[in-house]
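Examining the three-dimensional arrangement
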Amino acid sequence: MAAIFLFSLKGLLDQVPDVIDSAGRARDAWRRFKKPESSQPDEQPPPANEKEQPPAAA
């Protein structure tokens, strides 16, 4: 009977690191959802370089 209890307890304790990792990933995802990163660049093309000439028309 004690062997069954110890086997069950070991199985439960083996799952603890995975639960902690999942909780951390869920927390990080929630933070990203609530406050998107402001460092993401706008989806506008970069300014044209004034020194470069436009391609010649064919």
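Residues numbered from 1 in each chain as written. Predicted model: local features only at pLDDT ≥ 70, side-chain atom pairs only at ≥ 80, totals over all residues. Heavy atoms only, no water.

**Quick word on the overall build of the protein**
Scanning the protein from terminus to terminus reveals one helix and zero strands. A buried classification covers 2% of the 58 residues belonging to the protein. For the protein, the computed accessible surface area is about 6,300 Å², with 61% contributed by carbon and sulfur atoms. (Helix = DSSP H or I, 4+ residues; strand = E, 2+ residues; numbered from the N terminus. Buried < 20%, exposed > 50% of the residue type's maximum accessible area, 1.4 Å probe, protein only. Areas by Shrake-Rupley, 256 points an atom, 1.4 Å probe, with all protein chains shown as cover.)

**Let's talk about the packing of aromatic side chains**
One pass over the full model with this rule turns up one aromatic pair. With a centroid separation of 5.6 Å and 35° between ring planes, the pair formed by Trp30 and Phe33 is classed as tilted. Taken as a pair, Trp30 and Phe33 lie in helix H1 (residues 2-34) at a separation of three residues, close to a single helical turn. Accessibility expressed as a relative area gives 62% for Phe33, which makes it exposed. (Phe/Tyr/Trp six-rings, centres within 6.5 Å; stacked < 30°, edge-to-face > 60°.)

**Some words on a nonpolar patch on the surface**
Side chains of Phe5, Leu6, Leu9, Leu12, Leu13, Val16 and Ile20 sit close together on the surface and give an oily, nonpolar patch of about 690 Å² of accessible area. For Ile20, the location among the structural elements is in helix H1. With a relative accessible area of 55%, Ile20 lands in the exposed category. (Patch = residues over 30% accessible without salt bridge, like charges linked within 9 Å, V, L, I, M, F, W, Y side chains within 5 Å. Salt bridge = Lys/Arg side-chain N within 4 Å of Asp/Glu carboxyl O.)

Note that all results are geometric; they support no functional claim without further evidence.
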